[in-house]
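Observations on chain architecture
What follows is the residue order along each chain.
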Amino acid sequence: KVERFAERKSHNSFLEPEGLNTDIVYPNGMSGPYPEEIQYKIFRSMKGLENVDIVRPGYDVEYDFVNPQVLTHTLEAKSIAGLYLAGQICGTTGYEEAGAQGIIAGANAGRAAGAAYRGEEAPLPFVLGRDEAYIGVLIDDLVTKGTSEPYRMFTSRAEYRISLRADNADLRLTRKGAEHGLVTDPERLAALDMRQTLIADNVDRLRNFKLYVTDWAKRGGNDLMGGASAYKPGRESHKKTAEEVLGMPNVSLKMVEQIMADVFDEEQKEKQQQTEGDVGASTGEVTDVVNVENDKLEPTPMSVYDTVEASVKYKSYVVRQEKDIESWRKAQGARIPPTIVYDHAVMPTFSKEEIEKLNRFRPSTFAEASQISGLTPQSLVYLYHHVMKLNKESRKKKREEESVAV
């Protein structure tokens, strides 16, 4: 870190107590590949730790690994059939990363061994795509790009991270697991079917419920559900669905459903009064013999609340995300100007590591840029838009010069 961030004047370390009944503190953020005497010098240079004692010196582990580019997406070795690798041997670091690879390697190895034992054909490979799971992102990065340093799975590495949420993990993966014989519990599959139906029904209910924009503004607050244009001339006849209103900032599913329930109750009361009036008119008096069932609009069940809200909230972002990725894919063969400047002033969203790698490799096409390990999909999309902007400005300048010359 001293070499990579030479311009920094200090480095943060978080002192974390190991427990309630001990004085031992863990210095999070500190590396340990130094002799014990050097570690003492480092820690005693920190304010408040001038007299600190080290209970257990820090250490680093150095290990050999197999270049993961020699593996397929099932984590089977390309040159040795039946050999599957997972964990640090593939160049990763971290428990979750190792466990994720173990799921894929173990599933494929077990299914292949089972089929061979029974004398059956080799089963279809169990592979997760980048748009299906973070596991898919991790493995695709490893087997296509390789890694020059211990690999960690950061969310920024995933181009579809808006869709890869904890609340929809079962919707993304359980069915696929069942198709490959990994999920066999009928109760679990029935629960998934029920959850999918509940989600679809509640989203449809939001999509089909409409109010005038002025009504949304009155009931939910002009600042929250109205917007600047709610009371503009001609807007009073414009309607919005509950789904559209939920997509607005700071509006929750609970708020929207409360308004829907209020409207439903009002309509029920009107029906009740109308029914009583009709009976009274026919008999000459108002009677309470007739009872209209007082139904209530039930809120979205908590078991699917987060998924319903998130799927509506992120809908427009998911559409835009897919458009960006599609534009990027079509531009794989497009060239990157050799004169392009890779600098934080021009590309403020890029990390220091990404700027360094772009300056080192100087990719000539977007396809080459996508093969640079450590360059996130979001940064690649940003680079694409930046280059398109440069090309547009270049063409405009050329036209202006030509017109002046004429």
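Refer to the structure printed above.
Attention in this report is confined to the structure presented alongside it. Predicted, not measured: the structure shown is a model, and the values here were computed from it. (Residues numbered from 1 in each chain as written. Predicted model: local features only at pLDDT ≥ 70, side-chain atom pairs only at ≥ 80, totals over all residues. Heavy atoms only, no water.)

**Topic: the pattern of salt bridges**
The tally for this structure, following the rule as stated, stands at 19 salt bridges. A salt bridge links Asp 140 to Arg 130, with the shortest nitrogen-to-oxygen separation between them at 2.8 Å. Taken together, the positions of Asp 140 in helix α3 (residues 134-145) and Arg 130 in the loop between α2 (95-117) and α3 put the pair 10 residues apart, joining distant regions of the chain. Overall, the relative accessible area of 16% leaves Asp 140 in the buried class. (Salt bridge = Lys/Arg side-chain N within 4 Å of Asp/Glu carboxyl O. Helix = DSSP H or I, 4+ residues; strand = E, 2+ residues; numbered from the N terminus. Buried < 20%, exposed > 50% of the residue type's maximum accessible area, 1.4 Å probe, protein only.)

**Quick look at the packing of helix α5 (residues 186-208) against helix α10 (residues 302-313)**
The geometry of α5 relative to α10 is characterised by a closest axis approach of 10 Å and an angle of 50 degrees between their N-to-C directions. Taken together, α5 and α10 sit at an angle that is classed as oblique. In this structure, α5 meets α10 at a crossing whose hand is right-handed. Where α5 abuts α10, its residues Arg 195, Leu 198, Ile 199, Asn 202, Val 203 and Leu 206 lie against Ser 303, Val 304, Thr 307, Val 308, Ser 311 and Val 312. (Axes fitted to C-alpha atoms, helices over the stretch in contact; angles between N-to-C directions. Parallel < 35°, antiparallel > 145°, perpendicular 65-115°, else oblique. Left-handed = near helix turned anticlockwise from the far one by under 90°. Contact = heavy atoms within 4.5 Å.)

**Regarding empty space enclosed by the protein**
In the structure shown here, the tally under the stated rule is two cavities of 30 Å³ or more. In this model, the largest cavity occupies a volume close to 70 Å³. Lining the largest cavity are Arg 130, Asp 141, Leu 142, Lys 145, Gly 146, Tyr 151, Arg 157, Ser 373, Gly 374, Leu 375, Thr 376 and Pro 377. It is α3 that provides the largest number of residues to the lining of the largest cavity, a total of three residues. Approximately 40 Å³ is the volume attributed to the second largest cavity. In this structure, the second largest cavity is lined by His 73, Ile 104, Phe 126, Val 127, Leu 128, Ile 135, Gly 136, Ile 139 and Asp 140. For the lining of the second largest cavity, the leading source of residues is α3, giving four residues. Looking at the lining of the second largest cavity residue by residue, the class counts come to six nonpolar, two polar and one charged. (1 Å grid on protein atoms, 1.4 Å probe; cavity = no way out; pocket = protein on both sides within 12 Å on 5 of 7 lines; lining within 4 Å. Points joined across faces, edges and corners; volume = space filled by probe spheres on them. Nonpolar A, V, L, I, M, F, W, Y, C, P; charged D, E, K, R; others polar.)

**Here's the deal with the environment of Tyr 134**
Inspection of the secondary structure puts Tyr 134 in helix α3. For Tyr 134 and Ala 158, which are 24 residues apart along the polypeptide, the C-alpha to C-alpha distance reads 7.0 Å. With sequence-adjacent residues up to four places away left out, Tyr 134 is seen in contact with Met 153, Thr 155, Ala 158, Arg 161 and Leu 164.

**With respect to helix α11 (residues 315-330)**
Taking 1.5 Å as the rise per residue, α11 with 16 residues should run 22 Å; its terminal C-alpha atoms sit 23 Å apart, in good agreement. Of all the residues in α11, the buried ones are Val 318, Gln 321, Ile 325 and Trp 328. With its buried residues spanning 85 degrees around the axis, α11 presents them on a single face. For α11, the exposed residues set more than 90 degrees away from the buried face come down to Arg 320, Lys 323 and Lys 330. (Expected span 1.5 Å × (residues − 1). Arc of directions from axis to C-beta.)

**Quick look at the packing of helix α4 (residues 169-179) against α5**
Each pair of packed helices can be described by the angle between their axes along with the distance between the axes. The N-to-C vectors of α4 and α5 enclose an angle of 140 degrees; their axes lie 11 Å apart at closest approach. Judged by the sense of rotation from one axis to the other, the crossing of α4 with α5 is left-handed. Contact residues: α4 offers Asp 170, Leu 171, Thr 174, Arg 175 and Ala 178, while α5 offers Arg 188, Leu 189, Leu 192, Asp 193, Arg 195, Gln 196 and Ile 199. For the contact of α4 with α5, a count of residues per class yields five nonpolar, two polar and five charged.

**Here's the deal with unusual backbone geometry**
Even without glycine at this site, Leu 75 takes up a positive phi of about 70 degrees. Position of Leu 75 among the secondary structure elements: in the loop between α1 (36-43) and α2. In the Ramachandran plot, Arg 362 falls in the positive-phi region, its phi being about 45 degrees despite a non-glycine side chain. Mapped onto the elements of the fold, Arg 362 is located in the loop between α12 (352-361) and α13 (366-370).

**Side note on the nonpolar core**
Where a protein is soluble and globular, its nonpolar side chains tend to be buried together. Counting 23 residues, the largest nonpolar core has Leu 71, Leu 75, Ile 104, Leu 128, Ile 135, Leu 138 and Ile 139 as its most contacted members. Here this core gets six residues from one element, more than from any other, and that element is α3. Once residues within four sequence positions are removed from consideration, Ile 135 is found in contact with Ala 100, Ile 103, Ile 104 and Leu 128. Of all hydrophobic cores here, the second largest spans 21 residues; its members include Leu 211, Trp 216, Met 225 and Val 263. (Core = buried A, V, L, I, M, F, W, Y, C linked by side-chain atoms within 4.5 Å.)

**Examining the environment of Gly 247**
Here Gly 247 shows up in the loop between α8 (242-246) and α9 (253-283). Sequence spacing of Gly 247 and Ser 370 is 123 residues, and the spatial spacing of their C-alpha atoms is 33 Å.

**With respect to a positive patch on the surface**
The grouping of Lys 392, Arg 395, Lys 396 and Arg 399 at the surface amounts to a positive patch. Take Arg 395: it is sitting in helix α14 (residues 377-405). (Patch = residues over 30% accessible without salt bridge, like charges linked within 9 Å, V, L, I, M, F, W, Y side chains within 5 Å. Areas by Shrake-Rupley, 256 points an atom, 1.4 Å probe, with all protein chains shown as cover. Lys, Arg positive; Asp, Glu negative; His and termini not counted. Charge placed at Lys NZ, Arg CZ, Asp CG, Glu CD.)

**Describing the side chain of Lys 145**
Summarising the element assignment, Lys 145 is placed in helix α3. From its side chain, Lys 145 meets the backbone oxygen of Ser 370 in a polar contact 3.4 Å long. Apart from the residues within four sequence positions on either side, Lys 145 is in contact with Gln 69, Asp 140, Ser 370, Gln 371, Ile 372, Ser 373 and Leu 375. (Polar contact = N/O pair within 3.5 Å; in protein donor to acceptor, adjacent residues only side chain to side chain.)

**What to know about the layout of surface pockets**
One water molecule sets the probe size; rolling that probe over the atoms shows where empty space is left. By volume, the largest pocket amounts to about 1100 Å³. If you trace the largest pocket, you find 27 residues lining it, with Thr 93, Glu 149, Pro 150, Tyr 151 and Arg 152 closest to the centre. The residue makeup of the lining of the largest pocket, split by class, is seven nonpolar, nine polar and 11 charged.

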